[in-house]
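If you want the building blocks of each chain, they are given just below.
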Amino acid sequence: MPIDFPNSPTLNQLFTVNNQTWRWDGSVWRTNEAQGIQGPTGPTGSTGPTGATGPLGPTGPTGSTGATGATSTVPGPTGPTGSTGPTGSTGPTGPIFQNVDGGTATTIYGGASIIDCGNVNG
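Residues numbered from 1 in each chain as written. Predicted model: local features only at pLDDT ≥ 70, side-chain atom pairs only at ≥ 80, totals over all residues. Heavy atoms only, no water.

K.L.:
I would appreciate a short explanation of the overall build of the chain in the present structure.
P.N.:
Along the chain, the regular secondary structure elements total 0 helices and 6 strands. Scanning the chain from its N terminus toward the C terminus, one meets helices and strands in the order β-β-β-β-β-β. Burial status across the chain gives 6% buried among its 122 residues. For the chain, long-range pairs separated by at least 24 residues make up 1% of all intrachain contacts whose partners lie at least 6 apart in sequence. For the chain, the exposed area adds up to about 11,200 Å²; of that, 55% sits on carbon and sulfur atoms. (Helix = DSSP H or I, 4+ residues; strand = E, 2+ residues; numbered from the N terminus. Buried < 20%, exposed > 50% of the residue type's maximum accessible area, 1.4 Å probe, protein only. Contact = heavy atoms within 4.5 Å. Areas by Shrake-Rupley, 256 points an atom, 1.4 Å probe, with all protein chains shown as cover.)

K.L.:
When you look at the sheet that holds strand β3 (residues 29-31) in this model, what are you seeing that I'm missing?
P.N.:
Two orientations exist for strands paired in a sheet by backbone hydrogen bonds: parallel and antiparallel. Read across the sheet, 3 strands follow the order β1-β2-β3 without closing on themselves; strand pairing throughout is antiparallel. If you trace the sheet from one side to the other, it starts and ends with β1 (14-17) and β3, each paired once. The sheet shows a mean angle of 35 degrees between the axes of neighbouring strands, direction not considered. In terms of strand pairing, strand β2 (residues 20-24) meets β3 through 3 bridges, oriented antiparallel. Its bridge partner being in β3, Trp-22 is matched across the sheet by Thr-31. (Pairing = 2+ DSSP bridges. Axes fitted to C-alpha atoms, helices over the stretch in contact; angles between N-to-C directions.)

K.L.:
Whenever I open this one, the pairing of β1 confuses me. Can you help?
P.N.:
Two strands pair when backbone bridges link them, and β1 and β2 are joined in this way by 4 bridges, in the antiparallel orientation. When the sheet's bridge partners are listed, Phe-15 is paired in β2 with Trp-22. The turn linking β1 back onto β2 is made up of 2 residues, and Asn-18 within it adopts a positive phi angle of 50 degrees.

K.L.:
Before we go on, may I ask you to explain unusual backbone geometry in this structure?
P.N.:
One can expect most non-glycine residues to show negative phi and most peptide bonds to be in trans. Although it is not a glycine, Asn-18 adopts a positive phi angle of roughly 50 degrees. With respect to the helices and strands, the residue Asn-18 is situated in the loop between β1 and β2. Non-glycine residue Asn-19 carries a positive phi angle of around 65 degrees. Inspection of the secondary structure puts Asn-19 in the loop between β1 and β2. Under the relative-accessibility criterion, Asn-19 is labelled exposed at 73%.

Shown next as structure tokens:
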């Protein structure tokens, strides 16, 4: 049953209904009695909607290196040709051409052996 409070109360005016006293504080009626015992907790409400995704976090540390894989049985592609290396030092002097039998200059001296290239003395 609703309480019918006075229409034009004065500041701190008291009003009693069903053994409960109320006081006008200038804005609202307030009860003078201490609050009663607290009742049991009500049921849990339904789950609300999922919120927006938060910002991306920082990158974590690099993990440890994994185990080496098995050796491939399929040959891989050939790599590119490298650049030309520097020129080497000058080698030893080559064979000496020598006319040893007085014929045409087709006989050569090849180190320890004389090599006759033919057409010698006729």
